[in-house]
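# Secondary and tertiary structure notes
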Amino acid sequence: MKKVLLGAAVLGAIVAGSVQAQVPADRSVVYRKAGFQIMANHVGRISAHIKGERSLTAAQLELSAQVVDDMAKVLFDGFIDGTDQSANTKAKPEIWKEFAKFKEGQTRLVGETGKLMVAAKSGDKAALQAAFGGVGAACKACHDTYRAQ
Ligand code: HEC
């Protein structure tokens, strides 16, 4: 029991140390960018499948749609106050001036990724293509307004 407690204390110290190494603002920038990278990777897989450059199995297709939907739901938690000041971000300061409007962009995206999951499960290629177009339009609309070139 003592050993377990000691182990927990050591682990706690290690975690606390790594948290202190980076300021929270920068960690949230790393977090959201990682989310965008994973989301974009799976959007790319579905795109290649639609174009016939790559053939995903039904299971792979469903998983990629699921990952895109999951990322759309969690990555925007990384847009915390003050992170427009980070040296490593392309997020425009307008995001925090009209945050509710920015969040509407996420809501729109999640609506489209939900449809993408349904289409991926259906096995209907035309439905997949239509849903994919909706997702792409949601990405672009937000980037045009809130992401610096
Ligand atoms: C509601 C707004 C919004 C939506 C919707 C959105 N993005 Fe973004 N995206 C941003 C912003 C803002 C940044 C800049 C983030 C930063 O640099 O901190 C960004 C950055 C990115 C990046 C670059 C990440 C990096 O490593 O620098 C990729 C890739 C990306 N988005 C892909 C996508 C894809 C694919 C979609 C749709 C499936 C999407 N985004 C939807 C706002 C959005």
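A brief look at the structure comes next. (Residues numbered from 1 in each chain as written. Predicted model: local features only at pLDDT ≥ 70, side-chain atom pairs only at ≥ 80, totals over all residues. Heavy atoms only, no water.)

## A look at the packing of aromatic side chains
Within a pair of aromatic rings, the relevant descriptors are the distance that separates the centres and the angle that separates the planes. Condition: Two rings from Phe, Tyr or Trp (for Trp, the six-membered ring) form a pair when their centres sit within 6.5 Å of each other. Planes less than 30 degrees apart are called stacked, planes more than 60 degrees apart edge-to-face, and all others tilted. Counting from the N terminus, the helices are DSSP H or I runs at least four residues long and the strands are E runs at least two residues long. The buried label applies to any residue whose accessible area, calculated with a 1.4 Å probe on protein chains only, is under 20% of its type's maximum; exposed applies above 50%, and partly exposed to all values in between. The criterion is that NZ of a Lys, or CZ of an Arg, lies within 6 Å of the ring centre and within 35 degrees of the ring normal, and then a charge sits over that ring.
Applying the stated criterion to the full structure yields eight aromatic pairs. Ring centres of F36 and F76 lie 5.7 Å apart, and the angle between their planes is 90 degrees; this geometry places the pair in the edge-to-face category. Residue F36 is found in helix α2 (residues 24–51), and its partner F76 is found in the loop between α3 (58–74) and α4 (94–97); the two are separated by 40 residues along the sequence. Judged by relative accessible area, which is 7%, F76 ranks as buried. Taken together, the aromatic side chains of F36, F76, F79, W96, F99, F102 and Y146 make up a single cluster linked through ring pairs. Seen from the ring of F79, R32 lies directly overhead, with NZ or CZ sitting 4.4 Å from the centre.

## A look at the site of the ligand
For the record, the criterion: Whether a residue is near a molecule or strand depends on its heavy atoms: if one lies within 4 Å, it is near. Between N or O atoms, a polar contact is any pair within 3.5 Å; within protein, one atom must be a potential hydrogen donor and the other a potential acceptor, and residues adjacent in sequence are included only when both atoms are from side chains. Ten residue types, Ala, Val, Leu, Ile, Met, Phe, Trp, Tyr, Cys and Pro, are classed as nonpolar, four, Asp, Glu, Lys and Arg, as charged, and the remainder, Gly among them, as polar.
The local shell around the ligand holds 24 residues, among which T89, K90, C139, C142 and H143 are the closest. A distance of 2.9 Å separates a nitrogen atom of the ligand from a polar side-chain atom of H143. Of all the secondary structure elements, the ones that give two or more residues to the shell around the ligand are α2, α5 (99–122) and α6 (125–146). Counting residues per element, the shell around the ligand draws most heavily on α2, at seven residues. Along the lines of polarity and charge, the residues of the shell around the ligand split into 15 nonpolar, five polar and four charged.

## With respect to the packing of α2 against α6
Applicable threshold: To define axes, lines are fitted to C-alpha atoms, for helices over the stretch in contact only, and angles between the resulting N-to-C directions are given on a 0 to 180 degree scale. Orientation labels follow simple angle bins: below 35 degrees gives roughly parallel, above 145 gives roughly antiparallel, 65 to 115 gives roughly perpendicular, and whatever is left gives oblique. For a crossing to be left-handed, the near helix must be turned anticlockwise from the far one by less than a right angle; the clockwise case is right-handed. Any two residues whose heavy atoms approach within 4.5 Å at even a single point are treated as in contact.
At a minimum axis separation of 11 Å, α2 and α6 run at an interaxial angle of 135 degrees. When the axes of α2 and α6 are compared, the pair comes out oblique. When you trace α2 past α6, the crossing you get is left-handed. Here V43, I46, S47, H49 and I50 of α2 come into contact with α6, specifically with K125, L128, Q129 and F132. In the contact of α2 with α6, the residues fall into five nonpolar, three polar and one charged.

## Description of α6
Definition in use: The length a helix should cover is 1.5 Å for every residue beyond the first. Arc definition: directions from the helix axis to the C-beta atoms.
End to end, α6 covers 32 Å across 22 residues, agreeing with the expected 32 Å (1.5 Å per residue, within 8%). Of the residues making up α6, those classed as buried are L128, A131, F132, G134, V135, A138, C142 and Y146. One side of α6 carries all its buried residues, which in axial view fall inside an arc of 155 degrees. Exposed side of α6, more than 90 degrees from the buried face: A126, A130 and K140 are the residues found there. Where the residues of α6 are buried, they touch α2, α3, α4 and α5. The residue sitting at the N-terminus of α6 and contributing the capping side-chain oxygen is D124; that oxygen lies 3.0 Å from the backbone nitrogen of A126.

## Brief notes about the packing of α3 against α5
Where α3 meets α5, the closest approach of the two axes is 9 Å, and the angle between their N-to-C directions is 165 degrees. It follows from the interaxial angle that α3 and α5 lie roughly antiparallel. Crossing handedness for the pair α3 and α5: left-handed. Residue-level inspection shows L61, E62, A65, Q66, V68, D69, A72 and K73 of α3 in contact with α5, the latter providing Q106, L109, V110, T113, G114, L116, M117, A120 and K121. Here the contact of α3 with α5 is composed, by residue class, of nine nonpolar, four polar and four charged.

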